[in-house]
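Structure assessment
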2 protein chains.
Amino acid sequence: MKKFMNEPGNLLIESINGFAAAHADIISFDVSKRFVRRKSLVPGKVGLVSGGGAGHEPMHLGFVGRGMLDAACIGRIFTSPTPDQIVAAAQAVDAGSGLLFIVKNYDGDRMNFQMAGEMSGLAIDTAIVSDEAVQTSPEDKSGRRGLAGTLVLEKILGAAAERKLGLKTLLELADRVGSATRSMGVALTSCTLPEVGRPTFDIGEGEMELGVGIHGEPGRKRVAMRRADEIAEEVVRAVAGDMVFKGNALVLVNGFGGTPLIELYLMYNAFTAALTRHGFNPVRRLVGNFVTSLDMAGCSLTVSALDDELLGLWDDPVHTAALRWNA
Amino acid sequence: MKKFMNEPGNLLIESINGFAAAHADIISFDVSKRFVRRKSLVPGKVGLVSGGGAGHEPMHLGFVGRGMLDAACIGRIFTSPTPDQIVAAAQAVDAGSGLLFIVKNYDGDRMNFQMAGEMSGLAIDTAIVSDEAVQTSPEDKSGRRGLAGTLVLEKILGAAAERKLGLKTLLELADRVGSATRSMGVALTSCTLPEVGRPTFDIGEGEMELGVGIHGEPGRKRVAMRRADEIAEEVVRAVAGDMVFKGNALVLVNGFGGTPLIELYLMYNAFTAALTRHGFNPVRRLVGNFVTSLDMAGCSLTVSALDDELLGLWDDPVHTAALRWNA
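What comes next is a walk through the structure. Note that this is a predicted model, so its numbers are computed, not measured. (Residues numbered from 1 in each chain as written. Chains lettered and ligands numbered in written order. Predicted model: local features only at pLDDT ≥ 70, side-chain atom pairs only at ≥ 80, totals over all residues. Heavy atoms only, no water.)

**Some words on the relation of the copies chain B and chain A**
Both copies of the chain are tied together by a single rotation about an axis and a shift running along it. This is how it is decided: To superpose the copies, least squares is applied to the C-alpha atoms of every residue with a pLDDT of at least 70 in both. In this description, contact between two residues means that some pair of their heavy atoms is separated by no more than 4.5 Å.
Superposition of chain B onto chain A requires a rotation of 180° combined with a translation of 0.0 Å along the rotation axis, giving an RMSD of 0.0 Å. The relationship between the two copies is best expressed as a two-fold rotation axis. Residue Gly 258 of chain B, judged by its C-alpha, is the member of chain B lying nearest the rotation axis, at 2.2 Å. Comparing interface residues between copies, 100% of those in chain B also lie at the interface in chain A; the contact surface is shared.

Printed below as a string of structure tokens:
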């Protein structure tokens, strides 16, 4: 394993310090409670708080700013933030109009955000992100994990909160976005945790993992390495088969950290051809490394079949470290 | 080698097709002559044309759009575009106020852009990018290569052209930016050409390359793998030792394609600490994968000691696939 770092145990804090210094115009970093918050709050706006384990950069800290999150709590790599971190973040961005937690569907995250909500004494609702497309048997209890669809939900709810919509409306929007959004990931390599120093799982030169999560865990299925068009067709078939709506769609091709843009754009090309065959019309798109798994090579497809109102919220101004448009 | 692709020989064209479909609001792609051009020209503006071998995505095609390039010619991977491609691009974006070629300092690129200029019969000047920091003996004829400083020059000249400044002023600005800008790169791995299928150079688990170019060529020096702070100090010392100006600086930490943001932000942290010790004050920054070498793990530092006028041009609106602010 070769990584740019000093002590493996300090990789994360030194990285966040770099991030905070680079984006001091947008965010500030609470070192002791390890959360990033928007520099100035908007009175009368619902506060949006998300977070999770680190290792997915730029998610979530790169999504804090105008038109998206108010705060992001940063756990250790692939480990949920603790309730006291979350309480501190919630208190810091409470503008008196309620708070919404956006939590990816993992046991640790759900438990800690729930405990934080109870401890805080604040008016908090929670939206769970569970965008993973699954075609498993009913006995499979692992459920739908939160993947790169998190970005879509955080962008759209962030825009709605910026428009001063209330907590109840935000929860309704979260339901609509959630039921319209599905993701599936493919890994070509494992990632390597800095403090472990060897790949999380072994994978051969001729193999790939289909249906991976974002924590370096193995996927749902190990298959022989395939051509891009075949990967795209299989992923789109799984995603499309798990979606209620078709038609106009936002398409997010997300890299896991170790895959360069030249390949991500090739996959965008392959995915959109397959999506068109399956009845989708890509009207918005995003291609890049947004929800990563450290240095893993691979990518995920997120399809979000959005109506005009949701597309309008997607187009609203956003100014964060990782996403910036119309602002 | 595992890459997302179909036939290795089609990786590039399928990737560009994906790029063109994803960014059809900003650019259009001439399939036969393989260049990307800005969708609508600005009358009375000098046309900026750049390009080079592919494999550096998002450079250059991601730098085409308002406030930056008018056209980018795309050669085969790590191979200069041909003169007829460049002529076609120049003709396509000639708005009658002259053209400026921005060319990285490689023999093939220089020769082909020069031939294109002669063939075209248009009023063309050329700015050469040669931002590599070198501390070699005077006998070393390899000169200064064009590295990620290309982004800085293309952004600043793009802003100046958008302000309708003339060709002569643009050339003067190019000189000023050029003499104020130095870069150095570090590679932890080689990259792999899709049609070759094995790494371009071998490098051990305990080694790294200092002073690499952007084409997967070995660097100036093979050394033992070091801590991030030591890498930063050595790179900054080399860059600072080769610069005339200090003080306020734009700092670009550029990933080579295989290094995730968590590490690039750590390096930003390490680089800025070293830069401060060496008399620089980072007033603008950019952290991400902009000038890549396919899937190479590594990064480069670019320091540009800009005066207020040049900083103002840097801050001007830009709206391209890879850079977007104030627009």
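**Side note on the sheet that holds strand β13 (residues 298-304) of chain B**
Strand pairs in the sheet, formed through backbone hydrogen bonds, run parallel or antiparallel to each other. All names here are of chain B. Note the cut-off: Pairing between strands requires that DSSP locate at least two bridges from one strand to the other. Strands here are runs of E lasting at least two residues and helices are runs of H or I lasting at least four, both read from the DSSP assignment and numbered beginning at the N terminus. In this description, a line fitted to the C-alpha atoms serves as the axis of each element, helices being fitted only across the stretch in contact, and the angle between N-to-C directions of two axes falls anywhere from 0 to 180 degrees.
Read across the open sheet, the six strands follow the order β10-β9-β8-β13-β11-β12; overall the sheet is mixed. A single partner strand is all that each edge strand has here, and the edge strands are β10 (221-224) and β12 (280-288). Averaged over all pairs of adjacent strands, the angle between strand axes in this sheet comes to 20°, irrespective of strand direction. Where strand β9 (residues 207-210) and β10 come together, four bridges link them in antiparallel fashion. Of the residues in β10, the one forming a bridge with Glu 207 is Ala 224. Relative to β12, helix α8 (residues 308-315) is tilted by about 20°, and along the sheet it contacts β11 (247-255) and β12.

**Notes on the pairing of strand β5 (residues 71-77) of chain B**
Residue and element names in this part refer to chain B. Stated precisely, the cut-off is as follows: In this scheme, a residue with accessible area under 20% of its type's maximum is buried, one over 50% is exposed, and one in between is partly exposed, where area comes from a 1.4 Å probe on protein chains only.
Taken across its seven residues, β5 has six buried, putting it largely inside the fold. Examined bridge by bridge, strand β2 (residues 35-38) and β5 share three bridges and lie antiparallel to one another. Counted as the bridge partner of Phe 35 is Cys 73 from β5. One ladder, built from six bridges, connects strand β3 (residues 47-54) with β5; its direction is parallel.

**Quick word on the packing of aromatic side chains**
The criterion, for reference: Only centres within 6.5 Å qualify two rings of Phe, Tyr or Trp (six-membered ring in Trp) as a pair; their planes then separate them into stacked at under 30 degrees, edge-to-face at over 60, and tilted for everything else.
With the rule as written, the count across this model stands at six aromatic pairs over all chains. For the pair Phe 101 of chain A and Phe 113 of chain A, a centre-to-centre distance of 5.3 Å together with 75° between the ring planes defines the contact as edge-to-face. With Phe 101 of chain A in strand β6 (residues 99-104) and Phe 113 of chain A in helix α3 (residues 107-120), this pair connects stretches of sequence that are twelve residues apart. For Phe 113 of chain A, a relative accessible area of 2% puts it in the buried group. Measuring from ring centre to ring centre gives 5.1 Å for Tyr 265 of chain A and Phe 19 of chain B, while their planes differ by 75°; the resulting arrangement is edge-to-face. Here Phe 19 of chain B lies in helix α1 (residues 11-22) and Tyr 265 of chain A lies in helix α7 (residues 261-277), a pairing that spans two chains. Given a relative accessible area of 6%, Tyr 265 of chain A falls into the buried group. For Phe 19 of chain B, a relative accessible area of 2% corresponds to the buried category.

**A short note on the side chain of Thr 181 of chain B**
Turning to its location among the elements, Thr 181 of chain B is positioned in strand β8 (residues 181-187). According to the relative accessible area criterion, Thr 181 of chain B is buried, its value standing at 2%.

**Quick look at the packing of helix α4 (residues 149-162) of chain A against helix α5 (residues 167-180) of chain A**
All names here are of chain A. The cut-off we apply is this: Angles below 35 degrees are treated as roughly parallel, those above 145 as roughly antiparallel, those between 65 and 115 as roughly perpendicular, and all remaining angles as oblique. Left-handed is the label given to a crossing in which the near helix is rotated counterclockwise from the far helix by less than a right angle, and right-handed is the label when the rotation is clockwise. When residue character is reported, Ala, Val, Leu, Ile, Met, Phe, Trp, Tyr, Cys and Pro are called nonpolar, Asp, Glu, Lys and Arg charged, and the others, Gly included, polar.
Look at α4 against α5: their axes get within 10 Å of each other, and the N-to-C directions meet at 150°. Taken together, the axis directions place α4 and α5 in an arrangement best described as roughly antiparallel. Taken as a pair, α4 and α5 cross one another with a handedness that is right-handed. Across the interface between the two elements, Val 152, Leu 153, Ile 156, Leu 157, Ala 160 and Ala 161 from α4 touch Leu 170, Leu 173, Ala 174 and Val 177 from α5. Its residues placed into classes, the contact of α4 with α5 shows ten nonpolar, no polar and no charged.

**As for the interface of chain B and chain A**
Put simply, the rule reads: Take the accessible area each of two parts loses on contact, using a 1.4 Å probe, and add the two losses: that sum is the buried area. A pair is scored as a salt bridge if a Lys or Arg side-chain nitrogen falls within 4 Å of a carboxyl oxygen belonging to Asp or Glu. N or O atoms within 3.5 Å of each other form a polar contact, as long as, within protein, one can give a hydrogen and the other can take it, and as long as residues adjacent in sequence are counted only when both atoms are side-chain atoms.
The partner chain A presents 54 residues to the 54 residues of chain B that form the contact. Where chain B abuts chain A, roughly 4700 Å² becomes buried across the two surfaces, and 60% of that area is made up of carbon and sulfur atoms. On the chain B side of the contact with chain A, Lys 2, Phe 4 and Ile 262 of chain B bury the most area, a combined 21% of that side's loss. Summed over the shared surface of chain B and chain A, the result is two salt bridges. Between Glu 7 of chain A and Arg 227 of chain B there is a salt bridge, with its nearest N and O atoms 2.6 Å apart. Applying the counting rule to chain B against chain A returns 27 residue pairs in polar contact (both at pLDDT 80 or more). Going through the elements one at a time, α1, α6 (228-241), α7 (261-277), β12, β13 and β15 (324-325) of chain B are the ones with two or more residues in the side of chain B that touches chain A. With nine residues, α1 of chain B is the largest single contributor of residues to the side of chain B that touches chain A. In the side of chain B that touches chain A, the residues fall into 28 nonpolar, 13 polar and 13 charged.

**A closer look at empty space enclosed by the protein**
Filter applied, for reference: With a 1 Å grid spanning the protein atoms alone, the term cavity applies to any set of points in which a 1.4 Å probe fits but cannot get out, the term pocket to an open set with protein on both sides within 12 Å along at least five of seven lines, and the term lining residue to any residue with an atom within 4 Å of a point. Grid points are joined across faces, edges and corners, and a volume is the space filled by probe spheres set on the points.
According to the stated counting rule, one finds three cavities of 30 Å³ or more in the structure shown. A volume near 110 Å³ is recorded for the largest cavity. Forming the boundary of the largest cavity are 16 residues, of which Ala 54, Glu 57, Met 59, Leu 61 and Ile 74 of chain A lie nearest the centre. Taken together, the elements giving at least two residues each to the lining of the largest cavity come down to α1 (11-22), β3 (47-54) and β5 (71-77) of chain A together with α7 of chain B. In the lining of the largest cavity, the residues fall into eleven nonpolar, four polar and one charged. The calculated volume of the second largest cavity comes to roughly 60 Å³. Contributing to the lining of the second largest cavity are Leu 261, Ile 262 and Tyr 265 of chain A together with Leu 12, Ser 15, Ile 16, Phe 19, Glu 57, Pro 58 and Leu 61 of chain B.

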